[in-house]
Amino acid sequence: MLWKKKSRASGLLALTLGIAAVVSGCSDKKQENGSASPANDAFVFGETPLSFSFYGNYDWYTMQPWGEDPATKWIKENKKVTVTPVPAQGASVQKFNTMVASDDLPDVLFMDRGPLVEKLRQAGKLVPLDPYLDKYPNLKKYAGEETLNMLRSDDGKLYQFPNWYTSTPMGNGGYMVNKKIYKELGSPKLETFEDLRGYLKLVKEKYPDIVPLDIGYGTQGISILFSGFGEDRTGAYTSYGFVPSGDKLTSLFSDSAFKETLTFASSLFREKLITQDALTQTRDQVVEKLNTGKVAVYASYDTSDLGSQATVELKKGDPEAGYEMIWPLRKEGVDPNKVYPNNYDTIGWNVNVITTAADNPEGIFAYLDWLTGEEGERIIFWGPEGLYWQGTDENGAPNWTEKFKTDVEERTKFMAITDSFQWAGNTSFIDGSKASNNMKLPEDQRDWAAEAQLTIAWKTSYNTTQFSNLAPDSSTAEGKALQKVADIETSVIAKSLYAGSDAEVEKIIADGEAAANKAGYQKLLDYETARWQANLKKMSGE
């Protein structure tokens, strides 16, 4: 899916003030910002030919030739849609600047949410989408009012068509155990952190060449642990750098769950129950350990992904080997159903915006709306009916054919091509379709990751949509404070892990909070609180 490439997609926010000024100064508008393009009764999607230009504002993005693969060939022939790419050629910032400066925008821009969208909107270069929402109802149906409200601009209008939005939980994080080791040690109860400590000691004693607990690369595993030290404490709060309390966002350093997490992790580290290269190992090194069965317990954000890969590798040598995902661990007394190592954001990843250069904005919206619906998602993801699926179930999910299961190489090539056309991804439908097909298979043939997600990871994912778009501009005082506080938090976690005692951990956290406050932490929290409260009003439609 395109959303997997999110980490590569940036550089956009580093545009110069000069470009911002050019955008703001644009005046040659086909439509005024405040006016809307009314739905056109003369246009009939699938009957009226539709052509538009499309630009993906990312260095890595390259659109495949339209109409040369089974999916877009079907769309071109059956829906009469033709899309012409405007290539970035690996230089998206320069290309975008040139298009803006020359007032030569494509019909559709595929881009990150944020300042650039708003600059274009303020310059009157974007078409509001509200007039089309009822005539073409898929987006409204699947995204829902709260999500659409979160995407609205300050003028109250919707300009952004989201990609890989969701109405259902998602995530890959949590805990898994090495099945053979766990079974050989008597399959003891593993529910609380004290259970975990006892089990790790047993592993260390019986299997000296095995890592008792691996917390992945970076500080991911610390966030997973954090989620179990209090109810409704998602691991995401450690990356946000705050914890909500009442109607305010408060200091992470002062949070009791954060302090208990670092104290617990440090004690395990001192007892050599956590991998000793936790903060320096690479992802490849983690994968190697998992794939060779050298880890007893694993906790990170990529557990279902790496667990699936490792289980496949281990089963090649031993059908009984592999990993098993378990319910998130917790502090004694914490409700197990209120532990959330994962989080999800309903508004998704990036967006499509229709510019005032488009001759048929309604047609473009109609296509995107069809694409995000059941038929569109089935075809752009798995091809036209008869290729890899035949018929649908009661929820619209495609029924995979034998060819889907056996022709893996060709199917993988096909899906790699259509990945570049997935501009209106409906995560809930795609994930639900995968899960539905997976559960129809015999237990020994089911996809490990899909089952782990469906039974555990997605059930332990917290909706953090309300905390979207809180980060201040990096050039502001609050933005500079954000970076400093983030660096301080990373340092506090690292120092705490290597601390020689619980008392030292306490001092490290206190010193970190003092440094954060000196860097403007409270001003940052006040700013983010105001944005958060505004989000809550937006979501409620106020």
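Above this note sits the structure.
Scoring rules and cut-offs
Throughout this description, residue numbers start from 1 for each chain and increase along the sequence as written. Thresholds applied to this predicted model are a pLDDT of at least 70 for local features of residues and 80 or more for the giving and counting of side-chain atom pairs; totals over whole chains, interfaces and linings are not thresholded and use all residues. No hydrogens and no water enter the side-chain calculation; it runs on all heavy atoms of the structure. Pairing between strands is defined by DSSP: at least two bridges between them are needed. Numbering of helices and strands starts at the N terminus; helices are DSSP runs of H or I of at least 4 residues and strands are runs of E of at least 2. With axes taken as lines fitted to C-alpha atoms, and helix axes fitted only over the stretch in contact, angles between N-to-C directions fall between 0 and 180 degrees. For this analysis, residues touch if any pair of their heavy atoms sits within 4.5 Å. When accessible area is computed with a 1.4 Å probe and restricted to protein chains, residues below 20% of their type maximum are described as buried, those above 50% as exposed, and intermediate ones as partly exposed. In the analysis that follows, any N or O atom pair within 3.5 Å is treated as a polar contact, provided that within protein one partner can donate a hydrogen and the other can accept it, and provided that, for residues neighboring in sequence, both atoms belong to side chains. Every case where a carboxyl oxygen of Asp or Glu lies within 4 Å of a side-chain nitrogen of Lys or Arg is listed as a salt bridge. Aromatic rings from Phe, Tyr and Trp, with only the six-membered ring used for Trp, were paired whenever their centres fell within 6.5 Å, and each pair was classed as stacked if the ring planes differed by under 30 degrees, edge-to-face if by over 60, and tilted otherwise. The criterion for a charge sitting over a ring is simple: Lys NZ or Arg CZ within 6 Å of the ring centre, and within 35 degrees of the ring normal.

> So, the sheet that holds strand 9 (residues 295-300): which residues are in play, and what are the values?
The four strands lie next to each other as 6-9-5-10, forming an open sheet whose pairing is mixed. What marks the edges here is a single partner per strand, and that holds for strand 6 (211-214) and strand 10 (323-326). For this sheet the average axis-to-axis angle between neighbouring strands, irrespective of direction, equals 20°. Taken together, the four bridges between strand 5 (residues 174-178) and strand 9 define a ladder with antiparallel strand orientation. Bridge pairing links methionine 176 to tyrosine 298 in strand 9. The sheet strands contacting helix 12 (residues 283-291) are strand 5, strand 6, strand 9 and strand 10, and the helix crosses strand 9 at an angle near 140°. Running over the sheet, helix 13 (residues 303-317) touches strand 5, strand 9 and strand 10 and is turned about 155° from strand 10.

> Explain the side chain of glutamate 362 to me, and be specific about the residues and the numbers.
Along the chain, glutamate 362 falls in helix 14 (residues 361-371). On the basis of relative accessible area, glutamate 362 is assigned to the buried category, the value being 2%. At 2.9 Å, the side chain of glutamate 362 and the side chain of lysine 135 are in polar contact.

> Which residues make up the sheet that holds strand 1 (residues 50-56), and what values do they have?
One open sheet accounts for five strands, arranged 2-1-3-12-4; its pairing is mixed. Only two strands of the sheet have a single neighbouring strand rather than two, namely strand 2 (81-85) and strand 4 (160-162). Averaged over neighbouring strand pairs, the angle between their axes works out to 30° when direction is ignored. Inspection of the sheet shows strand 3 (residues 108-111) paired to strand 12 (residues 351-354) by four bridges, in the antiparallel sense.

> Give a description of the pattern of salt bridges that names residues and reports values.
By the definition in use, this model includes 29 salt bridges. Of the charged contacts, one joins aspartate 134 and lysine 140 as a salt bridge, the two residues approaching to 2.7 Å between their closest N and O atoms. On the basis of relative accessible area, aspartate 134 is assigned to the exposed category, the value being 58%. Exposure remark for lysine 140: the relative accessible area of 30% places this residue in the partly exposed category.

> Outline the packing of aromatic side chains, listing residues and values.
In this structure the tally under the stated criterion is 42 aromatic pairs. Between phenylalanine 269 and tyrosine 498, the ring centres sit 4.8 Å apart and the planes meet at 65°, which makes this aromatic pair edge-to-face. Here the residue phenylalanine 269 occupies a position in helix 11 (residues 256-270), and tyrosine 498 occupies one in the loop between helix 20 (477-497) and helix 21 (502-518), the gap between them amounting to 229 residues. The exposure class assigned to phenylalanine 269 is buried, which follows from its relative accessible area of 7%. A relative accessible area of 45% means that tyrosine 498 is categorised as partly exposed. Above the face of the phenylalanine 404 ring, arginine 411 is positioned so that its terminal group lies 3.8 Å from the ring centre.

> Mind laying out the environment of valine 100, listing which residues take part and the relevant values?
Within the secondary structure, valine 100 sits in helix 3 (residues 92-101). As a C-alpha pair, valine 100 and glutamate 191 span 91 residues in sequence and 56 Å in three-dimensional space.

> Run through the side chain of threonine 418, naming residues and quoting values.
Within the secondary structure, threonine 418 sits in helix 17 (residues 408-418). The class for threonine 418 is buried, based on a relative accessible area of 0%. Polar side-chain contacts of threonine 418 include one of 3.4 Å to the backbone oxygen of methionine 415. In this view, threonine 418 contacts Asp69, Ala71, Ile380 and Phe381; residues no more than four positions away in its chain are not counted.

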